[in-house]
Amino acid sequence: MADDKIKTIVDNRRARHDYFILETFEAGIALTGTEVKSLRAGKVNLKDSYGMVKDVEMFLEGIHISPYEHGNRFNADPLRRRKLLMHKRQILKLYGQVKQEGLTLIPLNLYFIRGKVKVELGLCKGKKLYDKRDAAAAKDARRDIERAFRGRDRDKD
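Conventions used here
Residues numbered from 1 in each chain as written. Predicted model: local features only at pLDDT ≥ 70, side-chain atom pairs only at ≥ 80, totals over all residues. Heavy atoms only, no water. Helix = DSSP H or I, 4+ residues; strand = E, 2+ residues; numbered from the N terminus. Rg over C-alpha atoms; globule rule 2.2 N^0.38 Å. Buried < 20%, exposed > 50% of the residue type's maximum accessible area, 1.4 Å probe, protein only. Contact = heavy atoms within 4.5 Å. Areas by Shrake-Rupley, 256 points an atom, 1.4 Å probe, with all protein chains shown as cover. Lys, Arg positive; Asp, Glu negative; His and termini not counted. Charge placed at Lys NZ, Arg CZ, Asp CG, Glu CD. Core = buried A, V, L, I, M, F, W, Y, C linked by side-chain atoms within 4.5 Å. Salt bridge = Lys/Arg side-chain N within 4 Å of Asp/Glu carboxyl O.

Help me out: how do you make sense of the overall build of the chain in this one?
Each helix and strand counted, the chain has four helices and nine strands in total. Written out in order from the N terminus, the α and β elements of the chain read β-α-β-α-β-β-β-β-β-α-β-β-α. Taken against the 2.2 N^0.38 rule, which gives 15 Å for 157 residues, the C-alpha radius of gyration of the chain at 19 Å runs more than 25% over that of a compact globule. With the C-alpha coordinates aligned to their principal axes, the bounding extent of the chain is approximately 65 × 40 × 35 Å. A burial count over the chain gives 32% of its 157 residues as buried. The long-range share in the chain, meaning contacts at least 24 apart out of those at least 6 apart in sequence, stands at 70%. Counting only carbon and sulfur atoms, one obtains 50% of the accessible surface of the chain, whose full area is about 10600 Å². When the 35 positive and 23 negative side-chain charges of the chain are each reduced to one mean point, those points stand 3 Å apart.

Below is the structure:
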């Protein structure tokens, strides 16, 4: 399936800053027609959203999909709970990990693949403040090293 085009709708960059991502999963998402049209226009916000398991079903809570401008009465509530489509076996596995290990399900990005909307969920563990500082320091060090190498290459020419 190398010819499948993935069109990213939105990327949750904040999640990568606030959490350690231990594992990722792909899930379908049940949407109404006007919600899909809003997604095509990029009117979605993943901030403060999370996944949850209830009665062997998985839901996405807190995702904000703005109402479609031409949708009139067919528009759904922007903050409604949206059902995720995964295999029962996967849902039970995630439920066990979330309950026992205190992990969280965070949507990392939303994208179109073969005309279907998919969500990439991350099984995440929260970062402490000192972890965030360490990550920022490592990123700065990498940037300085890259800068030094680029400067050295220019000196040779």
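Whenever I open this one, the environment of V98 confuses me. Can you help?
For V98, the location among the structural elements is in helix 3 (residues 88-101). For V98 and M52, which are 46 residues apart along the polypeptide, the C-alpha to C-alpha distance reads 8.9 Å. If we ignore the near neighbours within four places in the chain, the residues touching V98 are L103, L105 and L123.

What is the right way to look at the nonpolar core in this model?
Generally speaking, nonpolar side chains in soluble globular proteins are found buried as a group. I9, L39, V44, M58, L84, M86 and L110 are the most contacted members of the largest nonpolar core, which has 24 residues in total. Broken down by secondary-structure element, the contributors of at least two residues to this core are strand 1 (6-11), strand 2 (19-29), strand 5 (57-61), helix 3, strand 8 (104-113) and strand 9 (116-126). Per-element accounting of this core gives the leading share, four residues, to strand 9. Discounting chain neighbours no more than four positions away, the residues touching V44 are I9, V10, L39, I63, H64, I65 and L110.

In this structure, what is going on with the pattern of salt bridges? I would like to understand it.
Pairs can form between side chains of opposite charge whenever their charged atoms are close. Inspection of the entire model under this criterion finds eleven salt bridges. Between E57 and K83 there is a salt bridge; the shortest N-O distance is 3.1 Å. Within this pair, whereas E57 is found in strand 5, its partner K83 is found in strand 7 (residues 82-85), the two being separated by 26 residues in sequence. Given a relative accessible area of 31%, E57 falls into the partly exposed group. For R81, the salt bridge is made with E61, and the minimal N-O distance between the two is 2.8 Å. Here R81 is found in the loop between strand 6 (64-65) and strand 7, whereas its partner E61 is found in strand 5, with 20 residues between them in sequence. You can call R81 partly exposed: its relative accessible area is 36%. Through salt bridges with shared partners, one network takes in R14, D18 and K132.

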